[in-house]
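# Breakdown of the fold
Single-letter residue listing:
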Amino acid sequence: MRILGIDPGLNHTGWGVLEVEGGRCRRVASGVIDPPKGEVSARLGHIARELARVIAEHAPTAAACERVFVNVNPQSTLLLGEARGAALCAADLAGLAVEEFTPSEIKQSVTGSGRADKEMVQTMVVRLLGLDQTPRTDEADALACALCAASMMKLRALEKSGGTARTYATARRGASGRGARAAWTRLVDKKGEN
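Owing to the predicted nature of the structure, the values given are computational and were not obtained by experimental measurement. (Residues numbered from 1 in each chain as written. Predicted model: local features only at pLDDT ≥ 70, side-chain atom pairs only at ≥ 80, totals over all residues. Heavy atoms only, no water.)

## Considering the nonpolar core
We count it as follows: Throughout this description, the term nonpolar core refers to a set of buried Ala, Val, Leu, Ile, Met, Phe, Trp, Tyr and Cys residues connected via side-chain atoms within 4.5 Å. Here's how the labels work: a residue is buried when its accessible area is under 20% of the maximum for its type, exposed when over 50%, partly exposed in between, all with a 1.4 Å probe on protein chains only. Each helix is a run of H or I in the DSSP string that is no shorter than four residues. Each strand is a run of E no shorter than two, and both are numbered from the N terminus. Pairs of residues are marked as contacts when any of their non-hydrogen atoms sit within 4.5 Å.
One finds Leu18, Cys25, Phe101, Val125, Leu129 and Leu147 to be the most contacted residues of the largest nonpolar core, which totals 24 residues. Going through the elements one at a time, strand 2 (13-21), helix 3 (103-111), helix 4 (118-129) and helix 5 (137-161) are the ones with two or more residues in this core. Top contributing element to this core by residue count: helix 5, with 10 residues. When residues no more than four places from it in sequence are discounted, the contact partners of leucine 129 are Leu18, Cys25, Arg27, Leu143 and Leu147.

Okay, here's the thing in structure tokens:
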């Protein structure tokens with residue numbers, strides 16, 4: 001399976017494609033789309049076209065995108081939402097199902113802390129994927145988003161297979177991830193005893 005991670009932004013949209021096989025994730029390609037300055041519509045079109053090109057070139061089978069959070073500046077939040085909309089449209093037009101995650105869910109999945117800073121996310125992405133160079137922050141965030149999606153897909157597959165007694169091992173919207181982490185830890189510990 002190939003997952004396209006997207007970190008939307010009007011100035012910089014990060015993207016990353018991961019190949020997921022069993023328990024391993026490998027970076028296929030990643031980068032940052034830097035729309036030229038100018039009219040918002042042209043910048044949004046640039047994001048959509050570039051993501052369509054990435055999808056055509058790397059053939060992901062699923063996508064994951066960071067959810068917009070409310071910023072102090074309403075104008076910035078609106079522009080971020082528009083960039084996210086362009087990215088989601090590009091994925092949908094390519095026929096990809098899109099998982100959405102909050103920034104804290106992504107950070108929690110990759111670093112173990114929902115309050116991790118960008119440098120910590122970059123460091124963990126480099127370690128988890130065995131990269132030779134540290135990616136730009138937007139690129140690292142996109143790869144982290146794809147890693148988060150891969151983790152959630154594994155947990156859901158485990159739930160469906162009956163590999164855990166809990167039917168809610170993955171965190172649900174608005175719920176704490178504490179129960180999901182505890183269920184996952186118990187399962188890993190149990191498998192280690194065998």
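There's plenty left to go through after this.
## Focus on the side chain of histidine 58
Inspection of the secondary structure puts histidine 58 in helix 1 (residues 40-58). The exposure class assigned to histidine 58 is buried, which follows from its relative accessible area of 12%. When near neighbours in sequence (up to four residues on either side) are disregarded, histidine 58 contacts Arg2, Trp15, Val17, Val28 and Ala29.

## Observations concerning helix 5
For the α-helix, the turn length of 3.6 residues means that residues three or four positions removed from each other point alike. Going by this rule: Here, expected helix span is obtained from the residue count minus one, scaled by 1.5 Å.
Over its 25 residues, helix 5 runs 36 Å from end to end, which matches the ideal 36 Å to within 8%, given 1.5 Å per residue. Glycine 162 sits one or two residues past helix 5 and shows a positive phi near 80°.

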